[in-house]
Amino acid sequence: MRVLIDTNVILDLICIRRAYVREAHKIISLCAEKKLEGYIAPQSFVEIHSILRNVMTFDERRRLLTGFCWLLTVVGIDRDIIIATLENENFADVEDSLISQCAKSCGAEYIITRNTENFQNSSVPAITPADFVNLL
């Protein structure tokens with residue numbers, strides 16, 4: 001199964017957010033074991049790098065994010081995806097629209113996110129990490 005993993009799920013794992021880390025760990029472990037095809041949008045790396053700048057050195061962040069490049073496939077973005085993102089009037093947030101377009105582009109069956117309400121208008125259904133783990 002092919003899924004796009006949203007930034008918040010990766011941060012749940014990295015930051016060990018107690019309420020969410022178990023499901024995030026399970027999902028990333030399935031990707032590492034090649035039992036799940038995990039994809040990530042490129043802007044997630046920029047967001048994660050920025051969010052962690054006060055708790056990790058630049059080298060620590062670089063190594064951590066490089067590791068995720070080996071675990072997950074980074075979705076390529078081209079002009080057509082950017083235009084589709086910007087022209088999609090169903091999204092108030094450009095970042096969420098881009099995540100949706102990336103999921104569609106890579107053929108994901110689900111967007112795994114804790115913010116499912118942000119993806120109600122996505123052509124790829126959004127599912128919470130807990131619901132996804134239960135689905136498996």
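Refer to the structure presented above.
Residues numbered from 1 in each chain as written. Predicted model: local features only at pLDDT ≥ 70, side-chain atom pairs only at ≥ 80, totals over all residues. Heavy atoms only, no water.

A few points about a nonpolar patch on the surface
Here is the rule: For patch detection, residues must exceed 30% relative accessible area and be free of salt bridges, and they are connected within 9 Å for like charges or within 5 Å for nonpolar side chains (Val, Leu, Ile, Met, Phe, Trp, Tyr). Note that accessible areas follow from Shrake-Rupley with a 1.4 Å probe, and for residues the cover is restricted to the protein chains shown. By definition here, a salt bridge exists when the distance from a side-chain nitrogen of Lys or Arg to a carboxyl oxygen of Asp or Glu is within 4 Å. The numbering of helices and of strands both runs from the N terminus, where a helix is a DSSP run of H or I of at least 4 residues and a strand a run of E of at least 2. Buried, partly exposed and exposed residues are distinguished by accessible area as a fraction of the type maximum, computed with a 1.4 Å probe on protein chains only: under 20%, between the cut-offs, and over 50%, respectively.
Together, Ile-77, Ile-82, Leu-86 and Val-94 make up an exposed nonpolar region whose accessible area comes to about 330 Å². Relative to the assigned elements, Val-94 resides in helix H6 (residues 94-106). For Val-94, a relative accessible area of 49% puts it in the partly exposed group.

Focus on the packing of helix H1 (residues 7-14) against helix H2 (residues 21-32)
A pair of packed helices can be characterised by two numbers: the angle between their axes and the separation between those axes. Worth spelling out the cut-off: What counts as an axis is a line fitted to C-alpha atoms, over the stretch in contact for a helix, and the angles between N-to-C directions run from 0 to 180 degrees. Geometric relationships in this document are graded by angle, where less than 35 degrees denotes roughly parallel, more than 145 denotes roughly antiparallel, 65 to 115 denotes roughly perpendicular, and other angles denote oblique. Contacts are assigned to residue pairs that have any heavy atoms within 4.5 Å of one another. When residues are sorted by character, Ala, Val, Leu, Ile, Met, Phe, Trp, Tyr, Cys and Pro go into the nonpolar class, Asp, Glu, Lys and Arg into the charged class, and all the rest, Gly among them, into the polar class.
The contact between H1 and H2 brings their axes to 8 Å, and the two run at 105 degrees. One element, H1, and the other, H2, form an angle in the roughly perpendicular class. Contacts between H1 and H2 involve Val-9, Ile-10, Asp-12 and Leu-13 on the former and, on the latter, Val-21, Ala-24, His-25 and Ile-28. Its residues assigned to classes, the contact of H1 with H2 shows six nonpolar, one polar and one charged.

Some remarks on the nonpolar core
The criterion, for reference: Residues enter a nonpolar core if they are buried and are Ala, Val, Leu, Ile, Met, Phe, Trp, Tyr or Cys, with the set joined through side-chain atoms within 4.5 Å.
Formed by 25 residues in total, the largest nonpolar core has its most connected members in Ile-5, Ile-10, Phe-68 and Leu-72. For this core, the secondary structure elements donating two or more residues are strand E1 (2-5), H1, H2, helix H3 (42-51), helix H4 (58-71) and helix H7 (129-135). Broken down by element, the residue count for this core peaks at six residues, all from H2. Excluding its chain neighbours within four sequence positions, the residues that come into contact with Ile-5 are Ile-10, Ile-27, Ile-28, Cys-31, Gly-38, Tyr-39, Ile-40, Leu-72 and Ile-112. Counting residues in each nonpolar core, the second largest holds 15 residues, with Val-75, Leu-98, Ala-103 and Ile-111 among its members.

Quick word on the side chain of Ser-97
If you trace the backbone, Ser-97 turns up in helix H6. Sequence-distant contacts of Ser-97, defined by excluding residues within four places in its chain, comprise Thr-85, Asn-88 and Phe-91.

Remarks on the sheet that holds strand E4 (residues 110-112)
Test applied: Here, strands pair whenever DSSP counts at least two bridges between them.
The sheet built from five strands is open, its strands ordered E3-E2-E1-E4-E5 with parallel pairing. Both edges of this open sheet fall to strand E3 (73-74) and strand E5 (126-127), since each of them pairs with a single strand only. As judged from the two bridges shared by E4 and E5, these two strands associate in the parallel manner. By the bridge assignment, Ile-112 is partnered in E5 with Ile-127.

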